[in-house]
Amino acid sequence: MSLVDTTDGQALRKAQVEASLKLARTAVIGGIVNAIIVATVLWSSVSHAAIAFWTLLVLGQGLVRILHARRLAKNDYEDLSPSKDGRFIELLASLNGVAWGFSMAIGGFDATPGVFTLLAMLTGGMMGAAVISYGPLPRAAFAYMIPLTIGSIAGWLLSGNPLAMTGTLLILCYAAVLSRSIKGTEKVFAEKVAREQALRESAETVQLLLKDYEAQSADWLWSIDREGMILAPTDRFVEASGRDRETLEGHALLSLFDAGHEHERLVEMLRKRQAFRDLTVQITVGDETCWWRLSAQPRAGGRMQGVASDVTAEMRAEARVSYMAHYCGLTDLANRFLFNETLGRAVKRLHEEERTAVLCLDLDQFKSVNDTLGHPIGDRLLCEVARRIEACVQEKAMVARLGGDEFAVLIERVKSPDEVEACAARIIDAVDQPFILDGMQVMTSTSIGIAFATVADSDPTEVMKRADLALYSAKTNGRNRFAHFQIGMDEAARERRDLEMDLRAALVRNEFTLHYQPLVNISSGDVVGYEALIRWQHPTRGLIMPNAFIPLAEETGLIVQVGEWVIRQATAQLALWPADLRISVNLSPAQMRSANLIPTVVNALASAGIDAGRLELEITETVLMQDSEANVSTLYKLREIGVRIALDDFGTGYSSLNYLRSFPFDKIKIDRCFVESLDHNAESRAIIQAITGLAGSLGMDTTAEGVETDAQLQALRDKGCTEIQGFLISQAIDPDGIGQGTRPAAQQGGSDGAPAETQDDDAENRNRAA
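Residues numbered from 1 in each chain as written. Predicted model: local features only at pLDDT ≥ 70, side-chain atom pairs only at ≥ 80, totals over all residues. Heavy atoms only, no water.

Peer 1: How should I be thinking about the overall build of the chain in this particular structure?
Peer 2: What the chain contains, in helices and strands, is 28 helices and 20 strands. Within the chain, the fraction of its 770 residues that count as buried is 47%. Restricting to contacts in the chain with at least 6 residues of sequence separation, those with at least 24 account for 65%. About 37,200 Å² of surface is accessible on the chain, with carbon and sulfur atoms providing 54% of the total. (Helix = DSSP H or I, 4+ residues; strand = E, 2+ residues; numbered from the N terminus. Buried < 20%, exposed > 50% of the residue type's maximum accessible area, 1.4 Å probe, protein only. Contact = heavy atoms within 4.5 Å. Areas by Shrake-Rupley, 256 points an atom, 1.4 Å probe, with all protein chains shown as cover.)

Peer 1: Would you mind showing me how to read the confidence of the model for the chain here?
Peer 2: Do not read the fine detail of predicted coordinates wherever pLDDT is low. On average, residues of the chain score 83 in pLDDT, and 88% of them reach the 70 mark or higher. Low pLDDT, under 50, characterises residues 739–770; the stretch is placed with 81 contacts to residues that sit more than four places away or in other chains. (pLDDT = per-residue confidence, 0-100.)

Peer 1: How should the pattern of salt bridges be read in this particular structure?
Peer 2: Pairs can form between side chains of opposite charge whenever their charged atoms are close. Per the stated rule, a full pass over the model turns up 33 salt bridges. In this structure, R582 engages E723 in a salt bridge whose closest nitrogen and oxygen atoms are separated by 2.3 Å. In this pair, R582 sits in strand β15 (residues 582–586) while E723 sits in strand β20 (residues 723–724), placing the two residues 141 residues apart along the sequence. E705 serves as the salt-bridge partner of K669, at 3.5 Å between the closest nitrogen and oxygen. Residue K669 is located in strand β18 (residues 667–670), and its partner E705 is located in the loop between β19 (701–704) and α27 (710–719); the two are separated by 36 residues in the primary sequence. For E705, a relative accessible area of 1% translates into the label buried. (Salt bridge = Lys/Arg side-chain N within 4 Å of Asp/Glu carboxyl O.)

Peer 1: Could you clarify how one ought to interpret the side chain of K667 in this entry?
Peer 2: Inspection of the secondary structure assignment puts K667 in strand β18. The exposure class of K667 is buried, given its relative accessible area of 0%. Only 3.3 Å separates the side chain of K667 from the side chain of T703, close enough to count as a polar contact. In this structure, K667 is in contact with L519, R582, E616, R644, I645, A646, L647, D701, T702, T703 and E723, ignoring residues within four places of it in sequence. (Polar contact = N/O pair within 3.5 Å; in protein donor to acceptor, adjacent residues only side chain to side chain.)

Peer 1: How should the sheet that holds strand β4 (residues 304–310) be read in this particular structure?
Peer 2: Hydrogen bonds between backbone groups are what pair the strands of a sheet, and the pairing can be parallel or antiparallel. The antiparallel open sheet is built from 4 strands, whose spatial order is β1-β4-β3-β2. Edge strands, defined here as strands with exactly one partner in the open sheet, are β1 (219–224) and β2 (276–285). Mean inter-strand twist for the sheet, computed between neighbouring axes without regard to direction, equals 30 degrees. The pairing of strand β3 (residues 288–298) with β4 spans 7 bridges and is classified as antiparallel. Following the sheet pairing, S295 is matched in β4 by V307. With respect to the sheet, helix α10 (residues 261–272) is in contact with β1, β2, β3 and β4, its orientation differing from that of β2 by roughly 125 degrees. Packing of helix α11 (residues 312–326) onto the sheet brings it into contact with β2, β3 and β4, and relative to β3 it is tilted by some 120 degrees. (Pairing = 2+ DSSP bridges. Axes fitted to C-alpha atoms, helices over the stretch in contact; angles between N-to-C directions.)

Peer 1: Just checking my understanding: could you explain the nonpolar core for this structure?
Peer 2: Counting 76 residues, the largest nonpolar core has F665 and L716 as the members making the most contacts within it. In terms of residue count, the dominant contributor to this core is helix α19 (residues 559–574) (8 residues). Other than its neighbours up to four places away in sequence, L716 contacts I522, V675, L678, I688, A704, V707, C721 and I724. (Core = buried A, V, L, I, M, F, W, Y, C linked by side-chain atoms within 4.5 Å.)

Peer 1: Just checking my understanding: could you explain the environment of F485 for this structure?
Peer 2: Relative to the assigned elements, F485 resides in the loop between β11 (482–484) and α17 (489–509). As for F485 and A474, which are separated by 11 residues in sequence, their C-alpha atoms are 9.8 Å apart. Leave out the neighbours within four places in its chain, and F485 touches I450, A451, R466, L469, A470 and D490.

Peer 1: Mind showing me how you'd approach the sheet that holds strand β6 (residues 398–403) here?
Peer 2: Ordered by their spatial adjacency, 5 strands build an open sheet running β6-β7-β5-β10-β11, and the pairing between neighbours is mixed. The open sheet is flanked by β6 and β11, the only strands paired with a single partner. Neighbouring strand axes in the sheet, compared pairwise and without regard to direction, differ in orientation by 20 degrees on average. Pairing of β6 with strand β7 (residues 406–411), which is carried by 5 bridges, proceeds in the antiparallel orientation. Pairing of R401 across the sheet is with F407, part of β7. Against the sheet, helix α15 (residues 417–432) engages β5 (356–364), β7, β10 (445–453) and β11, with an angle of about 165 degrees to β10.

Spelled out as structure tokens, the structure:
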């Protein structure tokens, strides 16, 4: 199918009429000039009246044609009627053809041969004008050419010229050629109209697609002229810029954007009329900072056209990600990554005699705050601590949160260690002050490790390691203090790491053993049970007492596995003893939080085949202070199994009586600190009297720890204590020989049976049995 076939007939007719009208002025002027020439030539040989009539006819139709064309052109041919105006043009063309045919016929009848020849030449030119003047409108062209051709033939035949037949033949041939040209012109014009219509429809389709794209997406189109002024801003452009259309139209595109490096790049690209993609520039819309991403291509006439999109959300997200990569989202302090980067740059800037200080600190007993008050309170405490630390350091110092409750401070160009110590002291004092969170007073403290970097010793990793070792030293030496890194701390840390690795392997290699300290009924003197105390038989270090490895097991979390081993081993040993004996095992706070505690106890009792009442589990007040509701619930579940529960170190905490109300313990153990001072401290005697009286009224047994003299034994008997344990009876012994009589342990030795340092160790061991 050709383009002509696809062209709408009405549209083609309108285009033909419009094209003919646009040619009217030029055609009429040419016709008038020829008419004047013909009138002048014929004036001497033809009737003046006929010439005048003919001239008026030609001028009249020409004038009407011009007026008709001008009237329609005024409204840009909006009022044009293809059928009506087309027929009118065809009528005028017919009159014009008749007039010129009439001139040829008159000339042939009256003119001299020379004048007729000139007239024939002019008429031939007027015939050719049909193709130019009326070519787009074939019917008008034929309406003009046919009467002109007939008149020309008549003129030749009336002229009496010997070449009349030849002229007639030439006229016919010429008319045939012109007719073919008219048809060819019509086809060419129709194809042109078809192409224009197709292009117009394509442009409209593209425009619709662009509008739909703009409506459906976050992008919009923009265009600027050679001078960089905005052309025809789209609705999305207007909306995104926060300006009205009148302001944007003809406004400099570059003036919309904020100054900066990317703005300068945009200026350069537009100046060079260079294509670019994804150039992000900053723009202020209202009071808000936004970002647009621009792409553009050069166009004809010096224009630039492209696409823009609002990437504000993306840029803010990227900024947030970058912030989160370098800062703590909770406290807004620098994080470990940024702190290490800053430390690395700081040590590179060091000169001779200069030092950079690193302070590593963490909060003492922060975990208990989280466990007792909840993580939201813990998070708020961290934020408050961060603000207090920032208030204690110099403006140029960096404060960072390394993770958890760990913080760090970086101080560059330190003048003296006193400056750093003063800063550390301010931080300790500030953190030591009470925090009021949700109406509750929360107390904490901090320990700080200090290390220095110099030109000769500037490895950032090593500096951080040394500050961490100094922190560990501060914590092990009492907390709530600062300590400097000292030579030898790294060696101690290596030994601690080695011990930790050995500790992890000890369970696999079966290196732990249990010793047992007897519990004696104070009235009968009979051994009623034993407390299990763990020992570590190290292959190279020898026998290691619990106070040397239990704290490490608690820090590393191995205490849970060690404690489970103690329960299984103690119950297995208990199965070998007489049925009237029981065994006591200490539980650590970590074990109480372990989901495996109850299954471990149940399985151990089942495997040993012993009654649950022969197993006594000891807990301290610390266990109840941490997540007390969950721990009390666990104690009730153990009680349902039949296991006895004892409260160890009673009287040393702040809420001992409250704990007696929260759970019905089977036994209260009186701490050795009260027993040691029985002989000379009336308050200790009064406290013991109160504890035994309270326990008796609540139906609980009492066990006094650390009994070493007969005087202490007699005093406890007088106060109503039911059981004792200590070196007066026996130190902790291995299982051999236990259970062969009612008091086998009493035969192992008395108060003089072990040196004081061993007694101190055993007292610690009892508290750290598991």
